[in-house]
Amino acid sequence: MLIMETQDASLPLPDPFLFRTHFRIAASLHLFHVEERIAEGWPSPRLFHFDTVTQKTLRCLWHLVPKLIRVQCYRVLLKLGSHLYPRSFTGLVHRLPLGLYAKECNPSPCDEGETLRLVEQYTSIPSPLWVDDYQGTHPVLIMTAVPGQTLEAVFHRLSYLEREQLSRDLKTVLSQLRCVPNRTSYVFGNSHGGPLKDHRFPSGTCGPFHLISEFNAFLVHNYVRKETKDKISAVHSRQYRSVFTHADLHPSNILIDRGRLAGIVDWECAGFYPEYWEFTKLMYGAERFPEIQQIIHDAFTEDCYEEELEAERLLWNDTPPGL
């Protein structure tokens, strides 16, 4: 049922018939748009691109240059990039010439920089390479660019075979992440043992924690009703492995290039979380995309976290904005 209201009682409400008609026309036009994009095919591969080995070699050579000179070069590239490329919607990520990106970090670039180094060391996951970091007006992280378009933008162009392949690729990514060793003194924390960061936490960060009970207590402490606590108590009383987790793997952080998974970006929330966390956060980020949810389910065929997902959904629906 369509419910409409207006602050000015003297204004007439739009006819629901017009909304239904608009929906039908818009849906049809969108299908035509999808067909046109599919007919165009995927973009041609870039004519020039450094492979990962070359990028690492250039990074080693670049670090032979004194840091003061490197920082001055980054500032020049930032000025050039501000004229050549559009700003990101957050204003914190800046595209630079030479296939680089700069990210303003708060409070420290070491969190995401350390994560990128861990991913590079222990996995073959396509992701940005850490290049450098320095202290400007804000801490700044310099990293390489990853080719591709966001899954959210191009999902409708993926064939059924490409979607099946994406599920297999995601499964490989998740498997490799779980092999990253925890060298910190905490069971749950970020990549170097600091606080966890999640956009749903009230202050943005929490922890680190030695026990799963401490982590679960934080999730429900003074933020949910007693009825909800009772419903999720059975799930939150279980013991879970601590595994390395991207923790913000939604369709805007998954890049697709010519129909294949090309990269995973935005690692600022990564750290060691309970084993179900990646699944529930993926589902949280794909709430508006039922087809993508099916791909996520297929990527977790060996692990079932449906009860944990239901508990998380109760928390999502029973907590104020910010948690």
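Residues numbered from 1 in each chain as written. Predicted model: local features only at pLDDT ≥ 70, side-chain atom pairs only at ≥ 80, totals over all residues. Heavy atoms only, no water.

As for the side chain of Asn190
Here's step 1: Turning to its location among the elements, Asn190 is positioned in strand S6 (residues 189-190).
Here's step 2: Look at Asn190 and you get buried, because its relative accessible area is 4%.
Here's step 3: Of the polar contacts made by the side chain of Asn190, one reaches the backbone oxygen of Pro195; its length is 3.2 Å.
Here's step 4: Discounting chain neighbours no more than four positions away, the residues touching Asn190 are Asp111, Thr184, Pro195, Leu196, Ala270, Gly271 and Phe272. (Helix = DSSP H or I, 4+ residues; strand = E, 2+ residues; numbered from the N terminus. Buried < 20%, exposed > 50% of the residue type's maximum accessible area, 1.4 Å probe, protein only. Polar contact = N/O pair within 3.5 Å; in protein donor to acceptor, adjacent residues only side chain to side chain. Contact = heavy atoms within 4.5 Å.)

A few points about the packing of helix H6 (residues 160-177) against helix H10 (residues 290-299)
Between two packed helices, what matters for the description is the angle formed by their axes and the separation of those axes.
Here's step 1: In contact at an axis separation of 8 Å, H6 and H10 are set at 50 degrees when each is read in the N-to-C sense. Between H6 and H10, the crossing angle belongs to the class labelled oblique. For the crossing formed where H6 meets H10, the hand is right-handed. Contacts from Arg163, Leu166, Ser167, Leu170, Lys171 and Leu174 of H6 reach H10 at Glu291, Ile295, Asp298 and Ala299.
Here's step 2: Along the lines of polarity and charge, the residues of the contact of H6 with H10 split into 5 nonpolar, 1 polar and 4 charged. (Axes fitted to C-alpha atoms, helices over the stretch in contact; angles between N-to-C directions. Parallel < 35°, antiparallel > 145°, perpendicular 65-115°, else oblique. Left-handed = near helix turned anticlockwise from the far one by under 90°. Nonpolar A, V, L, I, M, F, W, Y, C, P; charged D, E, K, R; others polar.)

Brief notes about the packing of helix H9 (residues 277-285) against H10
Here's step 1: For the pair H9 and H10, interaxial distance at closest approach is 9 Å and the crossing angle is 170 degrees. Taken together, the axes of H9 and H10 lie roughly antiparallel to each other. For the element pair H9 and H10, the recorded crossing hand is right-handed. Here Phe279, Leu282 and Met283 of H9 lie close against H10, whose contacting residues are Gln293, Ile296 and His297.
Here's step 2: Tallied by class, residues from the contact of H9 with H10 come to 4 nonpolar, 2 polar and no charged.

Description of the domain arrangement of the chain
Here's step 1: The assigned domain composition of the chain is domain 1 (52-144) and domain 2 (149-318).
Here's step 2: Here the C-alpha centroids of domain 1 and domain 2 sit 25 Å apart.
Here's step 3: Each partner contributes residues to the interface: domain 1 has 17 residues there, and domain 2 has 19 residues.
Here's step 4: For the interface between domain 1 and domain 2, the tally reads 2 salt bridges.
Here's step 5: Of the charged contacts in the structure, one is a salt bridge between Asp266 and Lys103, with a shortest N-O distance of 2.9 Å.
Here's step 6: Our count for the contact surface shared by domain 1 and domain 2 stands at 7 residue pairs in polar contact (both at pLDDT 80 or more).
Here's step 7: For the side of domain 1 that touches domain 2, the element with the most residues is helix H4 (residues 110-122), which contributes 9 residues.
Here's step 8: Its residues assigned to classes, the side of domain 1 that touches domain 2 comprises 8 nonpolar, 5 polar and 4 charged. (Domains from an automatic or database assignment. Salt bridge = Lys/Arg side-chain N within 4 Å of Asp/Glu carboxyl O.)

Some thoughts on the sheet that holds strand S1 (residues 93-96)
Here's step 1: Spatially, S1-S2-S4-S3 is the arrangement adopted by the 4 strands of the open sheet, whose pairing is antiparallel. Among the strands making up the open sheet, the edge pair consists of S1 and strand S3 (130-135). Shown here is a sheet whose adjacent strand axes are inclined to one another by a mean of 20 degrees, direction ignored.
Here's step 2: Here 4 bridges tie S1 to strand S2 (residues 100-104), and the two strands are oriented antiparallel to one another. Pairing of Val93 across the sheet is with Lys103, part of S2.
Here's step 3: With respect to the sheet, helix H3 (residues 67-84) is in contact with S1, S2, S3 and strand S4 (139-144), its orientation differing from that of S3 by roughly 95 degrees. (Pairing = 2+ DSSP bridges.)

A short note on the sheet that holds strand S11 (residues 260-264)
Here's step 1: Here we have 3 strands laid out as an open sheet, ordered S5-S10-S11, and antiparallel in their pairing. Because the sheet does not close on itself, it has two edges, and the strands there are strand S5 (149-150) and S11.
Here's step 2: With 2 bridges connecting them, S5 and strand S10 (residues 254-257) associate as antiparallel partners. Bridge pairing in S10 places Gln149 opposite Ile256.
Here's step 3: Along the sheet, H6 makes contact with S10 and S11, crossing S11 at roughly 35 degrees.

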